[in-house]
Amino acid sequence: MADPNFSFLLLLPLALLLLLYFIVRPRPTTVPIKNRHIFITGGSSGIGLALAHLAASEGAKVSILALPDDKLEEAKNYIQLSSGIDIAVFAADVRDYDAISKVVEVAGPIDVLIVNQGVFVAKELEKQGLDEVRFMVDVNLMGSFNMIKAALPGMKDRKDRGPGSIALMSSQAGQVGIYGYTAYSASKFGLRGLAEALQQEVIVDDIHVSLIFPPATDTPGLTKETKTRPQLTSTIVETSGIMKAEEVAKKALDGIKSASFIVPCNFVGLLLSIASAGLSPNRSFNMAFMEVVSGGIIRIVALGFQWNWYTSILKWHGQKQRT
Ligand SMILES: NC(=O)C1=CN([C@@H]2O[C@H](COP(=O)(O)OP(=O)(O)OC[C@H]3O[C@@H](n4cnc5c(N)ncnc54)[C@H](OP(=O)(O)O)[C@@H]3O)[C@@H](O)[C@H]2O)C=CC1
Ligand SMILES: CCCCCCCCCCCCCCCC(=O)[C@@H](N)CO
């Protein structure tokens, strides 16, 4: 007979795993993408373009939407040249509800909606005009509401067409507030509330919500941002490294296909997701187990990161005052 204390130690995690296996909600499922209509906003550049390319090469029928400019046709040609596949392109501003409603009508019912458009201008709030704050909230948050409101009736109407998905492109700056990102972080944190509530509302329609949290990603948008962003923003953002748009697109599409609610993209992202799990749903009992057993220790790691960032901030201000 094994030492009774020892078998108890072994039984405890097994009992926890079993409990989590039965209680995780919504139940695990998968979202197929082959031959299905995938609609990607902000699909003309960066992460959205990489997603369009990847989904098309996996056999999805892809539509992309972006502002009316040359980049849309360039994206279509790039995907046609590199994969031989035709995608549909639509020009509209996500801030214009009537315009995107018309687009959705023409594009036809959507199986997988990827709300990816986003703008970011990093600046201390004191230096950032309210026009720039409104710009980020309008495009990133209100634009996402507009897009989902326009697409949802058609998505709910899908009869016998299998599970659907609504995926929202947040950011690691939507899991933790970062110096220089007051407006951007607020717009991305907002998506989380939207996603958590929406999942409860659409679960009966077999629609599955995913929230994607990339770290800094090498895209035209990032290149533009880094030219003007505060030094401290860069210092903190670099904690999580930088990914290629194609790598983020792969993580995102895998997360959508496995109907994961929270989709981290790198190792730091996995830690961040556990640290910020809160009351978000989790379909995976394995991940839920990780959250439960490592929660305390990861909180210590999180406080360590804050210690490090506050040290940098105070040091930087100290240097500025001396010069
Ligand atoms: N790059 C990064 O470091 C990270 C990015 N993210 C998020 O990922 C998403 C994509 O970012 P990224 O690929 O870098 O961005 P890019 O700037 O490279 O591309 C943004 C896309 O969104 C479109 N878009 C912008 N405004 C509107 C609008 N009002 N209506 C319709 N379409 C619009 C752009 O179209 P057009 O070119 O015509 O303006 C473009 O297709 C964003 O939500 C961003 O916040 C998250 C974490 C890190
Ligand atoms: C246990 C806790 C671990 C904590 C580690 C935290 C590391 C956080 C780094 C966050 C980087 C966010 C980059 C977002 C950039 C972005 O969204 C772009 N649009 C702009 O560059």
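Residues numbered from 1 in each chain as written. Chains lettered and ligands numbered in written order. Predicted model: local features only at pLDDT ≥ 70, side-chain atom pairs only at ≥ 80, totals over all residues. Heavy atoms only, no water.

### Looking at the packing of helix α10 (residues 267-275) against helix α11 (residues 285-322)
To be explicit about the condition: Axis definition: a line fitted to C-alpha atoms, limited for helices to the stretch in contact. Angles are taken between N-to-C directions and run from 0 to 180 degrees. Here a strand is any run of E in DSSP of at least two residues, a helix any run of H or I of at least four, and the numbering for each starts at the N terminus. Oblique is the label for any angle not covered by the other classes, which are roughly parallel (under 35 degrees), roughly antiparallel (over 145) and roughly perpendicular (65 to 115). Two residues qualify as a contact provided that any one of their heavy atoms is within 4.5 Å of a heavy atom in the partner residue. Asp, Glu, Lys and Arg are counted as charged, while Ala, Val, Leu, Ile, Met, Phe, Trp, Tyr, Cys and Pro are counted as nonpolar; the rest, among them Gly, fall into the polar class.
In contact at an axis separation of 9 Å, α10 and α11 are set at 85° when each is read in the N-to-C sense. Between α10 and α11, the interaxial angle falls into the category roughly perpendicular. When α10 is examined against α11, the residues Leu270, Leu271, Ile274 and Ala275 are found in contact with a partner set consisting of Met287, Met290, Glu291, Ser294 and Ile298. Its residues placed into classes, the contact of α10 with α11 shows seven nonpolar, one polar and one charged.

### Some details on a nonpolar patch on the surface
This is how the line gets drawn: Without a salt bridge and with relative accessible area above 30%, a residue can belong to a patch; like charges are then joined within 9 Å and nonpolar side chains (Val, Leu, Ile, Met, Phe, Trp, Tyr) within 5 Å. Note on areas: Shrake-Rupley with a 1.4 Å probe; residue coverage comes only from the protein chains shown. One side-chain nitrogen of Lys or Arg within 4 Å of one carboxyl oxygen of Asp or Glu is enough to make a salt bridge. Residue burial is assigned from relative accessible area. The probe radius is 1.4 Å, only protein chains are included, and a residue is buried under 20% of its type maximum, exposed over 50%, and partly exposed in between.
Together, Leu18, Leu19, Tyr21, Phe22 and Ile23 make up an exposed nonpolar region whose accessible area comes to about 530 Å². By secondary structure assignment, the location of phenylalanine 22 is in helix α1 (residues 4-23). Among the residues examined, phenylalanine 22 registers a relative accessible area of 52% and is labelled exposed.

### Digging into the UniProt feature "transmembrane region" (unreviewed entry) in the protein chain
What counts is decided by this rule: UniProt positions are given in the numbering used here, feature names are shortened, and annotations may be inferred rather than shown by experiment.
As recorded in UniProt, the sites labelled "transmembrane region" (unreviewed entry) are residues 6-24, 259-279 and 285-305. Across residues 259-279 one finds 43% helix and 14% strand; the C-alpha atoms that close the span lie 17 Å apart.

### A closer look at a negative patch on the surface
Under the convention used in this document: By the counting scheme adopted, Arg and Lys are positive, Glu and Asp are negative, and His together with the chain ends is not counted. Note on charges: their place is set at NZ of Lys, CZ of Arg, CG of Asp or CD of Glu.
A surface patch of negative charge is lined by Asp69, Asp70, Glu73 and Glu74. Residue position: aspartate 70 is located in helix α3 (residues 70-83). Residue aspartate 70 is classed as exposed on the basis of its relative accessible area, which comes to 61%.

### Regarding the environment of serine 210
Operational definition: Whenever two N or O atoms come within 3.5 Å, that pair is a polar contact, provided that in protein one can donate a hydrogen and the other can accept it, and provided that, for residues adjacent in sequence, both atoms are side-chain atoms.
Tracing the chain through its elements places serine 210 in strand β6 (residues 207-213). Sequence separation between serine 210 and valine 119 is 91 residues; the distance between their C-alpha atoms is 20 Å. Discounting residues that sit within four places of it in the chain, serine 210 has contacts with Ile166, Ala167, Leu168, Gly255, Ile256, Ala259, Ser260, Phe261 and Val263. Reaching out from serine 210, the side chain makes a polar contact with the backbone oxygen of serine 260 at a distance of 2.7 Å.

### Considering the pattern of salt bridges
The final tally for this structure, using the stated rule, is ten salt bridges. Salt-bridge contacts for lysine 257 lead to glutamate 58; the nearest nitrogen and oxygen are separated by 2.6 Å. Within this pair, whereas lysine 257 is found in helix α9 (residues 245-257), its partner glutamate 58 is found in the loop between α2 (46-57) and β2 (61-66), the two being separated by 199 residues in sequence. Its relative accessible area of 24% is what places lysine 257 among the partly exposed residues. The exposure class of glutamate 58 is partly exposed, given its relative accessible area of 28%. One salt bridge connects aspartate 254 with lysine 250, and the closest N-O pair in it is separated by 2.9 Å. One end of the pair, aspartate 254, and the other, lysine 250, are both in helix α9, four residues apart, so they sit about a helical turn from each other.

### Some words on the packing of aromatic side chains
Convention followed: Aromatic pairs are defined between Phe, Tyr and Trp rings, using the six-membered ring for Trp, whenever the two ring centres lie within 6.5 Å; interplanar angles under 30 degrees are classed as stacked, those over 60 as edge-to-face, and all others as tilted.
In this structure the tally under the stated criterion is six aromatic pairs. Both rings, one in tyrosine 21 and one in phenylalanine 285, keep their centres 5.1 Å apart while their planes meet at 90°; by these two values the pair is edge-to-face. Separated by 264 residues along the polypeptide, tyrosine 21 in helix α1 and phenylalanine 285 in helix α11 bring together distant segments of the chain. Overall, tyrosine 21 belongs to the partly exposed group, its relative accessible area being 40%. Aromatic pair phenylalanine 39 and phenylalanine 90: ring centres 6.2 Å apart, planes at 25°, arrangement stacked. In this pair, phenylalanine 39 sits in strand β1 (residues 37-41) while phenylalanine 90 sits in strand β3 (residues 88-91), placing the two residues 51 residues apart along the sequence. Summarising the burial analysis for this pair, phenylalanine 39 and phenylalanine 90 share the class buried.

### So, α2
Keep this limit in mind: Helix span, expected: 1.5 Å multiplied by one less than the number of residues in the helix.
Compared with an ideal rise of 1.5 Å per residue, which puts twelve residues at 16 Å, α2 spans 17 Å between its outermost C-alpha atoms and is within 8% of the ideal. Most of α2 sits inside the fold, with ten of its twelve residues counted as buried. Of the positions making up α2, those classed as buried are Gly46, Ile47, Gly48, Leu49, Ala50, Leu51, Ala52, Leu54, Ala55 and Ala56. Phi for glycine 59, located one or two positions after α2, is positive at around 95°.

### Structural notes on the site of ligand 1
Definition in use: One heavy atom suffices: a residue is near a molecule or strand as soon as one of its heavy atoms comes within 4 Å of it.
Around ligand 1 lies a shell of 34 residues, among which Ser44, Ser45, Lys71, Tyr184 and Thr219 are the nearest. A distance of 2.9 Å separates an oxygen atom of ligand 1 from a polar side-chain atom of lysine 188. Here ligand 1, which alone exposes 900 Å², has 93% of that area covered by the protein. Going through the elements one at a time, α2, β2, α6 (182-202), β7 (216-218) and α7 (220-228) are the ones with two or more residues in the shell around ligand 1. In terms of residues, the shell around ligand 1 owes the most to one element, α7, which gives three residues. Here the shell around ligand 1 is composed, by residue class, of 16 nonpolar, 13 polar and five charged.

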